[in-house]
Amino acid sequence: MRSPQAETEDIELRLLLEAIFQKYHYDFRGYSMASLKRRLSQARERFGCDSFSKLQEKVLHDGATLPRLLSFLTVQVSEMFRDPAYFLCLRRQVIPHLKTYPSLKVWVAGCSTGEELYSLAILFREEGLENRTLFYATDINAASLETAQAGVYGLDRIALFTKNHRESGGKTSLSDYYTAAYGGAVFDKTLRERAVFSDHSLVSDSVFAEMQLVSCRNVLIYFNRELQDRAVGLFKDALVRKGFLGLGARESLRFSAQAGAFSDFARAERIYQKEGA
Amino acid sequence: MTNRAVVIGASAGAIEALSKLLPALPAKYPWPILLVVHVPPDTRSALPELFAPKCRIAVKEAEDKEKLRPGVAYFAPPNYHLLVETDGALALSSEEPELFSRPSINVLFDSAADAFGSDVVGVILTGASADGAEGLRKIRAAGGMALAQDPKTAQCPAMPEAALAACPGARAMGLAELAALLASLPEEGAA
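First things first, this report covers the structure right here in the doc. In this text, all values refer to a predicted model and were calculated from it rather than measured experimentally.

1. A look at the interface of chain A and chain B
Then, in step 1: Each side of the interface is counted separately: chain A has 21 residues, and chain B has 25 residues.
Then, in step 2: Ranked by residue count, the leading element in the side of chain A that touches chain B is helix α2 (residues 33-46) of chain A, at five residues.
Then, in step 3: Taken together, the residues that form the side of chain A that touches chain B break down as 10 nonpolar, four polar and seven charged.

2. Here's the deal with the sheet that holds strand β7 (residues 120-124) of chain B
Residues and elements named next belong to chain B.
Then, in step 1: Taken in spatial order, the seven strands make up an open sheet running β3-β4-β2-β1-β7-β8-β9, and their pairing is parallel. Only two strands of the sheet have a single partner each, and these edge strands are β3 (58-61) and β9 (171-173). For this sheet the average axis-to-axis angle between neighbouring strands, irrespective of direction, equals 20°.
Then, in step 2: Direction of pairing for β3 relative to strand β4 (residues 72-75): parallel, over a ladder of four bridges. When the bridges of β4 are listed, K60 appears paired with Y74.
Then, in step 3: Packing of helix α3 (residues 105-116) onto the sheet brings it into contact with β1 (5-10), β2 (33-37) and β7, and relative to β1 it is tilted by some 165°.
Then, in step 4: On top of the sheet, helix α6 (residues 175-183) reaches β1, β7, β8 (145-149) and β9; it is set at about 150° to β8, its chief contact.

3. Description of the sheet that holds strand β5 (residues 184-187) of chain A
Whether parallel or antiparallel, the strands of a sheet pair through hydrogen bonds between backbone atoms.
All names here are of chain A.
Then, in step 1: In spatial order, the strands read β3-β5-β4; together these three strands make up an open sheet with antiparallel pairing. The open sheet is flanked by β3 (152-154) and β4 (178-181), the only strands paired with a single partner. Each adjacent strand pair in this sheet contributes to an overall mean axis angle of 30°, direction not counted.
Then, in step 2: Alignment of β4 against β5, held across four bridges, turns out to be antiparallel. By the bridge assignment, A180 is partnered in β5 with A185.

4. Quick word on unusual backbone geometry
Then, in step 1: Following R102 of chain B, the chain continues into P103 of chain B via a peptide bond in cis, with omega recorded as 10°.
Then, in step 2: Note that P103 of chain B resides in the loop between β6 (90-93) and α3.
Then, in step 3: Positive phi values are uncommon outside glycine, yet H25 of chain A reaches one of about 65°.
Then, in step 4: Relative to the elements of secondary structure, H25 of chain A occurs in the loop between α1 (4-24) and α2.
Then, in step 5: Overall, the presence of 9 C-beta atoms within 10 Å leaves H25 of chain A in the exposed class.
Then, in step 6: For Y182 of chain A, which is not glycine, the phi torsion reads 50° and is therefore positive.
Then, in step 7: Secondary-structure assignment places Y182 of chain A in the loop between β4 and β5.

Parameters and conventions
- Residues numbered from 1 in each chain as written.
- Chains lettered and ligands numbered in written order.
- Predicted model: local features only at pLDDT ≥ 70, side-chain atom pairs only at ≥ 80, totals over all residues.
- Contact = placed C-beta atoms within 7 Å.
- Helix = DSSP H or I, 4+ residues; strand = E, 2+ residues; numbered from the N terminus.
- Nonpolar A, V, L, I, M, F, W, Y, C, P; charged D, E, K, R; others polar.
- Pairing = 2+ DSSP bridges.
- Axes fitted to C-alpha atoms, helices over the stretch in contact; angles between N-to-C directions.
- Buried ≥ 20, exposed ≤ 12 C-beta atoms within 10 Å, placed from the backbone.

Rendered as structure tokens:
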């Protein structure tokens with residue numbers, strides 16, 4: 001049996017999400033509750049509130065709270081070339097298909113602080129596709145998008161990024177793409193010359209362009225099934241026939257209502273291909 | 001819908017300890033078992049493949065949104081936290097490591113205590129970390145059963161020691177006794 005306290009907290013939590021939706025139009029009501037509750041419990045502590053109801057009052061009456069709360073509501077953990085096998089598979093198996101298109105659009109959905117966008121930009125440059133590609137990097141968190149646009153990452157993370165890049169079949173040295181300054185690695189701004197950063201919600205916004213590749217990794221795990229179905233539906237609508245969808249290492253379309261619209265392209269790397277209509 | 005679970009956390013020495021525990025459970029085991037073992041963040045996990053042939057219960061890697069089923073042991077995948085939802089579904093998360101661990105025992109135990117309250121049995125086995133101590137305390141506080149491997153019998157006693165210190169209501173016992181207790185959990189209801 002659940003504790004009465006846990007059940008009361010769930011009521012308060014749902015009311016908090018409703019308040020955020022009604023006042024600010026950010027809709028977290030369809031997020032996976034277990035991890036969201038965990039993150040908001042951390043926020044509750046950080047903001048010095050002893051209940052979610054107190055946090056709700058603060059969000060409603062102090063406009064400065066929501067932008068700070070967004071970094072708890074969303075997960076910003078990312079790294080360059082995370083799961084190198086995914087990028088190796090893109091390079092060896094997906095890129096040959098993409099080379100057949102005269103122009104390309106790539107959507108990094110839920111780009112967070114931009115590590116994946118830069119990874120793909122480097123990979124596309126190495127594979128000679130950069131000049132015909134337009135990248136869309138979208139997220140709902142404005143602070144994350146700013147970080148993504150700046151392209152500066154902690155030097156302490158570079159060893160991991162470099163190792164990942166090498167294991168992803170990198171043809172150049174990662175150090176070719178950044179300069180160390182002020183304790184950070186500043187990534188070459190030409191990498192984002194062909195990138196558009198914008199605010200876009202997989203919960204409430206619609207498709208905005210036709211894509212050959214959508215990369216959305218470790219975003220769907222934070223959604224409930226209905227929301228997952230909505231997001232995958234957007235990807236289906238955005239992709240050209242035979243376009244590619246890449247998910248996180250432990251995400252799959254297995255439980256998705258949209259599973260029938262895709263086929264496994266590389267099962268272990270979680271890369272799917274949209275079926276021909 | 002299954003809204004109860006045995007949750008097990010293990011670190012250094014885990015394979016040997018689990019080899020004595022999991023094969024002892026009967027084929028029609030009435031509880032689902034969730035396991036966090038500290039493993040390196042490689043993409044592949046060898047644990048389900050290692051244990052499945054040795055066990056009468058089913059053994060697999062936990063998948064996001066999968067519904068819990070009795071008689072199945074679910075290992076947290078490398079590099080993801082494992083949580084449970086109140087409706088008895090599994091959830092994965094790639095949030096920051098806790099106490100340098102992803103998956104984290106505390107994350108699993110906290111969510112089980114929150115989702116299932118008193119219908120949780122928490123077990124801390126051998127390990128060289130303090131992960132799981134706080135989670136076991138929460139399981140006990142929610143009315144669940146808290147168990148730890150007797151540190152004297154553990155390959156690395158630090159983790160069960162930390163759990164017993166944080167959770168005075170926890171019972172310490174050897175692996176054979178733990179296996180017998182888990183095998184005798186009731187068919188219905190809480191432990």
